[in-house]
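These are the residues of each chain, in order.
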Amino acid sequence: MLVKRSLLLITGLLLVHLAPAQFRSRALRWSADGNATLSTARNGISRTDVRTGTETELVSAAELTPTGTQTPITVADFSFSRDSGSVLIFTNTARVWRYNTRGDYYVYTRPTGGKPGTLRQVGAKQPSQSMLYAKLSPDGKRVAYVSKSNLFSEEIATGKTTQLTTDGTRKRINGTFDWAYEEEFGCRDGFRWSPDSKQLLYWQVDASKIRDFLMIDNTDSIYSYTIPVEYPKVGESPSPTRIGVVSATGGATKWLAIPGDPAQHYLVRAEWFPTVSAAGSELIVQQLNRKQNESILYVCQPATNRVTPIFTEKDNAWIDIKARWDRDDPTGWEWLNNGNAFLWVSEKDGWRHIYQFSRDGKTQTLLTPGNYDMAELERIDEKGGYVYFTASPDNATQRYLYRVPLAGAGKPAAGPAERLSPANQSGTHGYDVSPNGQLAMHTFTNASTPPSRSWIKLPDHSPLRAGSAASRPAQARNKNVRFFTVTTSDNVTLDGWMALPADFDSTKRYPIVFYVYGEPAAVTTSDVFSAGNNDLFTGDMQQAGYIYAALDNRGTPALKGAAWRKSIYRQIGRLNIRDQALGTRALLARHQFIDPARVAVWGWSGGGATTLNLMFQYPEIYQTGIAVSAVTNQLTYDNIYQERYMGLPQENREDFVAGSPLTHAKGLKGNLLYIHGTGDDNVHYANAEMLVNELVKNNKLFQFMAYPNRSHGISEGAGTRQHLGALYTDFLKKNCPPGAR
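Just so you know, the residues in each chain are numbered from 1, in the order the chain's sequence is written. Local features in this predicted model are restricted to residues whose pLDDT is 70 or higher, and side-chain atom pairs enter the listing and the counts only when it is 80 or higher, whereas totals over whole chains, interfaces and linings include all residues. Side-chain measures here rest on the full set of heavy atoms in the structure, leaving out hydrogens and waters.

Under the annotation held in an unreviewed UniProt entry, the protein carries the name S9 family peptidase and is attributed to Fibrivirga algicola.

What follows is the structure, given as structure tokens:
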């Protein structure tokens, strides 16, 4: 749930608070040798040598201009074949739920042997903007894609197209995923070419038994109409999902005989082994049970339909998947030694560590020993013998680059991680490391330093070259933001920041506004330049005379060990709320300059639910609250997220009820503004009406704003953001007046 990348990328509103993912430069597309980046330029595609800054045009705008037209196609994305002889172009894109993943494709075959280049549309007979996730085969001779829930394969040279599946519908989905898989597992692209280009594996999601949630559009027509979204509510069985293998030239699909009821399990990752073994092409698949507290890795042989488990992991709470530690690309597998080994991330010893597994899973080597968590995997440099990752063993609000040796690389199999980020730059570092491990785009920020970018050499972190166009100096500013820790009466120590008013006078008292999230999807206290900023407030909160603050409670995904993160299991709406409230009490007791009569709180999505629970459960602390797009009833959210963190309502329904704001609405005493978009396909607008009914029943006065047809980010429509900011600011100023007293 809830304020994850789906919302962050749409609105740009809360992204500023949820670093460090924002500071990763994964938009870079590296050349195979790791010395250059590829990018769109002047309506074409160029290669820039990172070491020298020299730019070379690879494909010109003229070459991307279809015959009979004078305008080149717009390059939204591209990929080259392995021999660089062809390039696949994604264009004319359209949004599907959260991302622009639907559109049209062209293949440009580059000039060779005196023959001119050719530009041809892929899937020319498909409806415009209907194609998803097209990709070239490893040999560069075919392209596969999904259109209207079916999988296709097309010869590049002739344009001959083979439809590989025929049973696709809105609810029987081949080669991609349904709403819940995309939102909660980051699964979007649902097919893979075999390394020999002869077969494709693909997911099939059967959402036929998943009920539609009907969103109502009352404004775009004289007669209202409904918009159906297949949406598995918590307590409902998952969409049965299976993985099949089909020949690139067509034929029957061989379905993998993976054990377990497909309606009670999830298949979250699957990839081909990079080389063909004596048994033929093989696959590796990760399966989660419905509660997501058991993960099994299977090696599958499609030719014989033999399926062998090689690693099983269990947890008392839940098991995180790759989307947690590689958010930019949860697909793929971290292969080593031509597929004879791979990297795996696990919390089985209480910390998020990197392990090196043998192909059969029997040999498992811990690469990152110690009482600390890795944050994200940045690069595997197999030739150099290192894996690069970000972590922050001493301060969970910051991020630094580390590396450790790979096992069997002529170095110790395990030992202290080597920090590569400069010791004199405290804050949040982001990296895009080149495939050869020698270069990187480095981004740095902290609370007083805007994000700055520069090319560096590794491992010494020295500047690559002066005057790089990709570099810009950071200019610090005095924002008067203080980072701190506070220990509650439960002996829980919380991280936090506090942005003090301009012309702050410690002998006076000021109102305080808390920004909250509080659930397992995000943190709010990262040491980044946007800490202390509130993009919803019209004007400057510090100039207005507010203290702006944030705390991270137990259960947020901070780098504090699995016990910290998983303590919230079956406790959302209770443990996190208590931590926030007791943290606020401790701050009020510590600082006499905080006015206890002017305490406000606000949040979006999961933070909206936290805001409501704080207002309802601790009305003696919080007098004013603004909640946006909140889950007011935990039984209304999707099964993957809510069951992961709360269990199954068939077994412990009382926990869902106890953590829902609806249960505590009768406790409202202060000033509440509730905001929701009626077109929210994530946290449904029904949550708003359930809350309104409960508050009305208990004769509680409040303010309410519904934005017609706006989604979870409330960003669509002329004037929406300006209006939302004005509404937020007016309510806050009236009910929690700014300024010293």
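**Structural notes on the overall build of the protein**
Test applied: Going along the chain from the N terminus, every DSSP run of H or I of four or more residues is numbered as a helix, and every run of E of two or more is numbered as a strand. Residue exposure (1.4 Å probe, protein chains only): buried if accessible area is under 20% of the type maximum, exposed if over 50%, otherwise partly exposed. Note on contacts: a residue pair is in contact if any heavy atoms of the two residues lie within 4.5 Å. By the counting rule applied here, Lys and Arg register as positive and Asp and Glu as negative, while His and the ends of each chain are not counted. In plain terms, the charge of a residue is placed at NZ if it is Lys, CZ if Arg, CG if Asp and CD if Glu.
Broken down by element type, the protein carries twelve helices and 43 strands. With respect to the three principal axes, the spread of C-alpha positions in the protein is 80 × 60 × 60 Å. For the protein, the proportion of its 741 residues judged to be buried stands at 60%. Partitioning the contacts of the protein with sequence separation of at least 6, the portion at a separation of at least 24 is 61%. Computed over 80 positive and 70 negative side-chain charges, the separation of the two mean positions in the protein equals 0 Å.

**Concerning the packing of aromatic side chains**
Quick note on the threshold: Each pair of aromatic rings taken from Phe, Tyr and Trp, with Trp reduced to its six-membered ring, is defined by centres within 6.5 Å and is described as stacked if the planes are under 30 degrees apart, edge-to-face if over 60, and tilted in the remaining cases. Definition used: whenever NZ (Lys) or CZ (Arg) falls within 6 Å of the ring centre and also within 35 degrees of the ring normal, the charge is taken to sit over that ring.
All chains considered together, the criterion is met by 34 aromatic pairs. Here the aromatic rings of Phe185 and Tyr266 are separated by 5.2 Å at their centres, their planes lie at 70°, and the arrangement is edge-to-face. Linking Phe185 in helix α2 (residues 179-185) with Tyr266 in strand β20 (residues 265-272), this pair joins segments that are 81 residues apart in sequence. On the basis of relative accessibility, which here comes to 1%, the residue Phe185 falls in the buried class. Ring geometry for Tyr355 against Phe357: centres 6.5 Å apart, planes inclined by 70°, an arrangement best described as edge-to-face. Both residues of the pair, Tyr355 and Phe357, count as buried. Site record: aromatic cluster; members linked through ring pairs are Phe273, Phe311, Trp333, Trp335, Phe342, Trp344, Tyr355 and Phe357. Its end group placed over the ring of Tyr355, Lys348 keeps NZ or CZ at 4.6 Å from the ring centre.

**As for the sheet that holds strand β38 (residues 510-515)**
Definition in use: If DSSP finds at least two bridges between two strands, the strands pair. Axis definition: a line fitted to C-alpha atoms, limited for helices to the stretch in contact. Angles are taken between N-to-C directions and run from 0 to 180 degrees.
The strand order across the open sheet formed by eight strands is β36-β37-β39-β38-β40-β41-β42-β43, and the pairing between neighbours is mixed. Strands at the two margins of the open sheet, each flanked by one partner only, are β36 (481-487) and β43 (703-707). Averaged over all pairs of adjacent strands, the angle between strand axes in this sheet comes to 20°, irrespective of strand direction. Bridge count between strand β42 (residues 671-677) and β43: five bridges; the pairing is parallel. When the sheet's bridge partners are listed, Tyr674 is paired in β43 with Phe704.

**Here's the deal with the nonpolar core**
Threshold: Among the buried residues, those of types Ala, Val, Leu, Ile, Met, Phe, Trp, Tyr and Cys that are joined through side-chain atoms within 4.5 Å form a nonpolar core.
By size, the foremost hydrophobic cluster in this structure holds 49 residues, and its most contacted members are Phe185, Leu201, Ile243, Leu256 and Val285. When residues of this core are traced back to their parent elements, those giving at least two are α2, β15 (199-206), β18 (241-247), β20, β21 (283-289), β22 (294-301) and α8 (639-646). With five residues, β20 is the largest single contributor of residues to this core. Those residues in contact with Leu201, other than ones at most four positions away along the chain, are Gly190, Phe191, Arg192, Ile243, Gly244, Val245, Ala270, Glu271, Trp272 and Leu283.

**A look at helix α12 (residues 720-735)**
Just so we agree on the cut-off: Expected helix span is given by 1.5 Å per residue-to-residue step, counting one fewer step than there are residues. Note that the arc is defined by the directions from the helix axis to the C-beta atoms.
With 16 residues, α12 should cover 22 Å at 1.5 Å per step; its first-to-last C-alpha distance of 23 Å lies within 8% of that length. Considered for burial, the residues of α12 that qualify are Thr720, Leu724, Gly725, Tyr728, Thr729, Phe731 and Leu732. In a view along the axis of α12, the buried residues occupy a sector of 165°, so they form one face of it. The exposed set on the far side of α12, more than 90 degrees from its buried face, consists of Gln722 and Lys734. Lining the buried residues of α12 we find β38, α4 (541-544), β40 (594-604), β41 (624-628), β42 and β43.

**Quick notes on unusual backbone geometry**
For the peptide bond that leads from Leu458 to Pro459, omega is 15°, which places it in the cis range. Following the sequence through the fold, Pro459 ends up in the loop between β34 (449-457) and β35 (462-463). Although it is not a glycine, Trp97 sits at a positive phi angle of roughly 60°. Along the chain, Trp97 turns up in the loop between β6 (86-96) and β7 (99-109). Take Trp97: its relative accessible area is 25%, and that puts it in the partly exposed class.

**Looking at the environment of Thr101**
Structurally, Thr101 can be placed in strand β7. Sequence-wise, Thr101 and Asp189 are 88 residues apart; in three dimensions their C-alpha atoms are separated by 9.3 Å. With sequence-adjacent residues up to four places away left out, Thr101 is seen in contact with Phe90, Ala94, Val96, Met131, Leu132 and Tyr133.

**A closer look at the side chain of Arg598**
Locating Arg598 in the fold gives a position in strand β40. Not counting residues up to four positions away in its chain, the partners in contact with Arg598 are Arg509, Tyr510, Pro511, Ile512, Gln623, Cys736, Pro737, Pro738, Gly739, Ala740 and Arg741.

**What about the UniProt feature "domain: Peptidase S9 prolyl oligopeptidase catalytic" (unreviewed entry) in the protein?**
Short version of the rule: UniProt positions are given in the numbering used here, feature names are shortened, and annotations may be inferred rather than shown by experiment.
Here, UniProt's "domain: Peptidase S9 prolyl oligopeptidase catalytic" (unreviewed entry) annotation points to residues 542-735. Spanning residues 542-735, this segment combines 44% helix with 18% strand, and its end C-alpha atoms are found 17 Å apart.

**Points about the side chain of Ser392**
This is how it is decided: Throughout this description, a polar contact denotes any pair of N or O atoms lying within 3.5 Å of each other; where both atoms belong to protein, one of them has to be capable of donating a hydrogen while the other can accept it, and for residues adjacent in sequence the pair is counted only when both atoms sit in side chains.
Assignment of secondary structure puts Ser392 in the loop between β29 (386-391) and β30 (400-405). The class for Ser392 is buried, based on a relative accessible area of 4%. A polar contact is formed between the side chain of Ser392 and the backbone oxygen of Asn395, at a distance of 2.4 Å. Apart from the residues within four sequence positions on either side, Ser392 is in contact with Asp373, Gln398, Arg399, Tyr400 and Leu559.

**Here we look at the pattern of salt bridges**
As a reminder of what qualifies: The salt bridge definition used is simple: a Lys or Arg side-chain nitrogen within 4 Å of an Asp or Glu carboxyl oxygen.
Summed over the entire model, instances satisfying the criterion amount to 39 salt bridges. Arg95 is the partner of Glu716 in a salt bridge, and the nearest nitrogen-oxygen pair spans 3.8 Å. Pair noted here: Glu716 is in the loop between β43 and α12 and Arg95 is in strand β6, with a separation of 621 residues, a long-range link. A salt bridge links Arg170 to Glu230; the shortest N-O distance between them is 3.3 Å. Linking Arg170 in the loop between β12 (161-163) and β13 (172-174) with Glu230 in strand β17 (residues 225-230), this pair joins segments that are 60 residues apart in sequence. By relative accessible area, which is 5% here, Glu230 ends up buried. A single network of salt bridges, built from pairs that share partners, joins Asp315, Glu347, Arg352, Asp373, Arg565 and Lys566.

**Concerning α8**
α8 sits mainly inside the fold: eight of its eight residues count as buried. All of the buried residues along α8 are Asn639, Ile640, Tyr641, Gln642, Glu643, Arg644, Tyr645 and Met646. Against α2, β20, α3 (322-325) and α9 (649-658) lie the buried residues of α8. The opening residue of α8 is Asp638, an N-cap whose side-chain oxygen sits 2.9 Å from the backbone nitrogen of Ile640. Following α8 by one or two positions, Gly647 has its phi on the positive side, about 85°.

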